[in-house]
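What follows is each chain in one-letter form.
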Amino acid sequence: MPPGRGLPDGLTIPAGDLVERFSRSSGPGGQSVNTTDSRVELSWDVGSSAALTEHQRSRLLARLDGRMAGGVLTISASEHRSQLQNRTAARTRLAALVTAALRPEPVRRATRPSRAAKQARLDAKKRRSRLKADRRARGD
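Our subject in this report is the structure included herewith. (Residues numbered from 1 in each chain as written. Predicted model: local features only at pLDDT ≥ 70, side-chain atom pairs only at ≥ 80, totals over all residues. Heavy atoms only, no water.)

**Considering a positive patch on the surface**
Part 1: A grouping of R112, R115, K118, R121 and K125 is seen on the molecular surface, where their side chains present a positively charged patch.
Part 2: With respect to the secondary-structure elements, K125 resides in helix α3 (residues 115–139).
Part 3: Residue K125 is classed as exposed on the basis of its relative accessible area of 51%. (Patch = residues over 30% accessible without salt bridge, like charges linked within 9 Å, V, L, I, M, F, W, Y side chains within 5 Å. Areas by Shrake-Rupley, 256 points an atom, 1.4 Å probe, with all protein chains shown as cover. Salt bridge = Lys/Arg side-chain N within 4 Å of Asp/Glu carboxyl O. Lys, Arg positive; Asp, Glu negative; His and termini not counted. Charge placed at Lys NZ, Arg CZ, Asp CG, Glu CD. Helix = DSSP H or I, 4+ residues; strand = E, 2+ residues; numbered from the N terminus. Buried < 20%, exposed > 50% of the residue type's maximum accessible area, 1.4 Å probe, protein only.)

Right, dumping it as structure tokens:
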């Protein structure tokens, strides 16, 4: 995968690490759908890839745990009729997934409610309390 295609810090996934399998795709295509292997399954073994640092590997394994089977990330693409377009779509999807997983989580800054927000909350509680008290007084 060439650098600069959405992967962080020019991370390049070597072509030798990617395994592509082709199969018949469902969906539109007319008569050619029965003869063309246009569906692409792109697999990448994250656990043994030499392209990643240990930090990147552990982050990917942790964040993409639900999408992986045995440390292998598999993406399938079958939305196009052309095998070449499906190969490009699968690689683009892989780059986007890896980029999102390697992006650091934003740090949450602790905030406090403003004085007006506190007052509005207390006013709402008083209104609700008064409403319930009025119901009790009428019911007796």
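**A closer look at the packing of helix α1 (residues 54–63) against helix α2 (residues 83–102)**
Part 1: Remark: α1 packs on α2, axes separated minimally by 9 Å, with the N-to-C direction vectors making an angle of 105°. Comparing the axis directions of α1 and α2 gives the class roughly perpendicular. Across from Q56, R59, L60 and R63 in α1, the residues of α2 making contact are V98, A100, A101 and L102.
Part 2: Residues that form the contact of α1 with α2 fall into these classes: five nonpolar, one polar and two charged. (Axes fitted to C-alpha atoms, helices over the stretch in contact; angles between N-to-C directions. Parallel < 35°, antiparallel > 145°, perpendicular 65-115°, else oblique. Contact = heavy atoms within 4.5 Å. Nonpolar A, V, L, I, M, F, W, Y, C, P; charged D, E, K, R; others polar.)

**Quick look at the pattern of salt bridges**
Part 1: Summed over the entire model, instances satisfying the criterion amount to seven salt bridges.
Part 2: A salt bridge links R91 to E20, with the shortest nitrogen-to-oxygen separation between them at 3.3 Å. In this pair, R91 sits in helix α2 while E20 sits in strand β1 (residues 18–23), placing the two residues 71 residues apart along the sequence.
Part 3: Here the salt bridges share partners, and the residues they tie into one network are E20, R87 and R91.

**Here we look at the sheet that holds strand β4 (residues 72–77)**
Part 1: Strands sit in the order β1-β2-β4-β3 across an open sheet of four strands; the sheet is antiparallel. Sheet topology places β1 and β3 (68–69) at the edges, where each strand pairs with a single neighbour.
Part 2: Looking at chain direction, strand β2 (residues 39–45) and β4 are connected through six bridges and run antiparallel. Counted as the bridge partner of V40 is A77 from β4.
Part 3: Contacting β1, β2 and β4, α2 crosses the sheet at an angle of about 140° to β4. (Pairing = 2+ DSSP bridges.)

**Topic: the side chain of N86**
Part 1: Turning to its location among the elements, N86 is positioned in helix α2.
Part 2: Not counting residues within four places of it along the chain, the set of residues in contact with N86 comprises S38, R39, V40, A77, S78, E79 and H80.

**A short note on the pairing of β4**
Part 1: Side-chain alternation along β4 places L73, I75 and A77 on a buried face and V72, T74 and S76 on a face that remains uncovered.
Part 2: Note: β3 against β4, two bridges, orientation antiparallel. In the sheet register, A69 faces β4, and the bridge partner there is V72.
Part 3: The turn joining β3 and β4, which pair antiparallel and follow one another in sequence, is formed by two residues; a positive phi near 65° is taken by G70.

**A few points about α2**
Part 1: With 20 residues, α2 should cover 28 Å at 1.5 Å per step; its first-to-last C-alpha distance of 29 Å lies within 8% of that length.
Part 2: Three or more residues of α2 are buried, namely N86, A89, A90, L94, A95, V98, T99, A101 and L102.
Part 3: Buried residues along α2 sit in contact with β1, β2, α1 and β4.
Part 4: The distance from a side-chain oxygen at the start of α2 to the backbone nitrogen of L84 is 3.2 Å, and the residue carrying that oxygen is S82. (Expected span 1.5 Å × (residues − 1). Polar contact = N/O pair within 3.5 Å; in protein donor to acceptor, adjacent residues only side chain to side chain.)

**Concerning the nonpolar core**
Part 1: With 20 residues, the main nonpolar core has W44, V46, L60, L94 and V98 as its most contacted residues.
Part 2: Contributing elements (two or more residues each) for this core: β2, β4 and α2.
Part 3: The leading source of residues in this core is α2, at six residues.
Part 4: Those residues in contact with L60 that lie beyond four places of it in its chain are W44, V46, L52, D65, M68, V98, A101 and L102. (Core = buried A, V, L, I, M, F, W, Y, C linked by side-chain atoms within 4.5 Å.)

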